[in-house]
Amino acid sequence: MNKVKQTLISHMSAMQRQFANLEDLQIEKFVEIIKQNKATVFLTGIGKNAHVASTTASTFSSIGIKSRFLDPVEAVHGEMGNIENNDLIIAISKSGNTSELLNFLKKFKEINKVTKIVSLSSNEKSQMVTLADLSIVIDIEKEIDKYNIVPTISIATYILFLQSIGYCVAEQKGFNLAMFKKNHPGGAIGDKLRGLEL
């Protein structure tokens, strides 16, 4: 079998097993906490997970969930001032022990004990879990490389999981194609939507 195809199949098989092991109650709580949030969802992470956070914030915004990416390093240099009591923070870290992210979360909790924090990690014993109001732990069996160190399956898993959460929230809130057309006028998608009578 072609090596690329083999790698893709391995990715998908691993993700299927990981998602099958998720607790239904935790997923339902996650959906509900986003759905009940009336303000901004801030997604934050470091390194590759910063891209996960940024991509998810962009998708959430396009489907009616007001969202922003928050750099945890910039946050402790003034950006925390953008976060209000009724906002929500989703923090992403595979280890749950990323120092820059923990520093932000700890500093933030010192000044704000109202804003809810959801952590997404693959380590149920991490420091980040202790700082979160809701902790989602997805067990990553192994990254795709032979050294089990390059963030590959973990990144793909987190993105797919968060996109799925966002879709479920948007659907439950009654998001429709007319709303998406309003939020996404650009590109090929915008061109396609302009031709539809909604």
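Residues numbered from 1 in each chain as written. Predicted model: local features only at pLDDT ≥ 70, side-chain atom pairs only at ≥ 80, totals over all residues. Heavy atoms only, no water.

S.K.: For the overall build of the chain, give the residues involved together with the corresponding values.
M.R.: The number of helices and strands found in the chain is nine helices and five strands. The helix and strand sequence of the chain, counted from the amino end, reads α-α-β-α-β-α-β-α-β-α-β-α-α-α. In terms of C-alpha radius of gyration, the chain reaches 18 Å, essentially the compact-globule figure of 16 Å for 198 residues. Structurally, the chain occupies a C-alpha span of about 55 × 50 × 30 Å along its principal axes. Expressed as a percentage of the 198 residues in the chain, the buried residues total 40%. Long-range pairs, those at least 24 residues apart, make up 68% of the contacts in the chain between residues at least 6 apart in sequence. Surface summary for the chain: the accessible area is close to 11,000 Å², and the carbon and sulfur share equals 54%. Averaging the coordinates of the 23 positive side-chain charges in the chain and doing the same for the 20 negative ones gives two points 3 Å apart. (Helix = DSSP H or I, 4+ residues; strand = E, 2+ residues; numbered from the N terminus. Rg over C-alpha atoms; globule rule 2.2 N^0.38 Å. Buried < 20%, exposed > 50% of the residue type's maximum accessible area, 1.4 Å probe, protein only. Contact = heavy atoms within 4.5 Å. Areas by Shrake-Rupley, 256 points an atom, 1.4 Å probe, with all protein chains shown as cover. Lys, Arg positive; Asp, Glu negative; His and termini not counted. Charge placed at Lys NZ, Arg CZ, Asp CG, Glu CD.)

S.K.: Could you give me a rundown of helix α5 (residues 99-111), with the residues and numbers involved?
M.R.: Between its first and last C-alpha, α5 extends 19 Å over 13 residues, near the 18 Å set by a 1.5 Å rise per residue. Among all positions in α5, only L101, L102, F104, L105 and F108 are buried. End-on, the buried residues of α5 take up no more than an arc of 160 degrees, which puts them together on one face. In this structure, α5 carries S99, E110 and I111 as exposed residues pointing more than 90 degrees from its buried face. The elements touched by buried residues of α5 are β1 (41-45), β2 (67-70), α4 (72-75), β3 (88-92), β4 (116-121) and α6 (127-131). (Expected span 1.5 Å × (residues − 1). Arc of directions from axis to C-beta.)

S.K.: Help me get a handle on the sheet that holds β4, residues and values and all.
M.R.: Sheet architecture is open: five strands sit in the order β2-β1-β3-β4-β5, paired in parallel fashion. The strands lining the two open edges of the sheet, one partner per strand, are β2 and β5 (134-137). Sheet twist, expressed as the mean angle between neighbouring strand axes with direction ignored, is 20 degrees. Two strands pair when backbone bridges link them, and β1 and β2 are joined in this way by four bridges, in the parallel orientation. By the bridge assignment for β2, V41 is matched with S67. On top of the sheet, helix α2 (residues 24-36) reaches β1, β3, β4 and β5; it is set at about 130 degrees to β5, its chief contact. (Pairing = 2+ DSSP bridges. Axes fitted to C-alpha atoms, helices over the stretch in contact; angles between N-to-C directions.)

S.K.: Residues and numbers for the nonpolar core, please.
M.R.: Grouped together as the largest cluster of nonpolar side chains are 33 residues, with contacts concentrated most on F30, I34, I90, I92, I136 and F161. Of all elements in the fold, only α1 (3-20), α2, β1, α3 (48-62), β3, β4, β5 and α7 (153-172) reach the threshold of two or more residues within this core. Top element by residues in this core is α7. It accounts for eight residues. Setting aside residues up to four positions removed in sequence, F30 forms contacts with I90, V118, L134, I136, F161, L162 and I165. (Core = buried A, V, L, I, M, F, W, Y, C linked by side-chain atoms within 4.5 Å.)

S.K.: Run through α7, naming residues and quoting values.
M.R.: Compared with an ideal rise of 1.5 Å per residue, which puts 20 residues at 28 Å, α7 spans 28 Å between its outermost C-alpha atoms and is within 8% of the ideal. Within α7 the residues assigned to the buried category are I153, S154, I155, T157, Y158, F161, L162, I165, G166, V169 and A170. In the core, the buried residues of α7 are packed alongside α1, α2, α3, β3, β4 and β5. Looking one or two residues beyond α7, the residue adopting positive phi is G174, at roughly 85 degrees.

S.K.: Lay out the packing of α2 against α7 with the relevant residues and their values.
M.R.: The interhelical angle for the contact between α2 and α7, taken along N-to-C directions, is 55 degrees, at an axis separation of 9 Å. The angle between α2 and α7 places the two elements in the oblique class. The way α2 lies across α7 gives a crossing that is right-handed. Across the interface between the two elements, I27, F30, V31, I34 and K35 of α2 pack against F161, L162, I165, C168, V169 and Q172 of α7. (Parallel < 35°, antiparallel > 145°, perpendicular 65-115°, else oblique. Left-handed = near helix turned anticlockwise from the far one by under 90°.)

Structural measurements only, silent on function.
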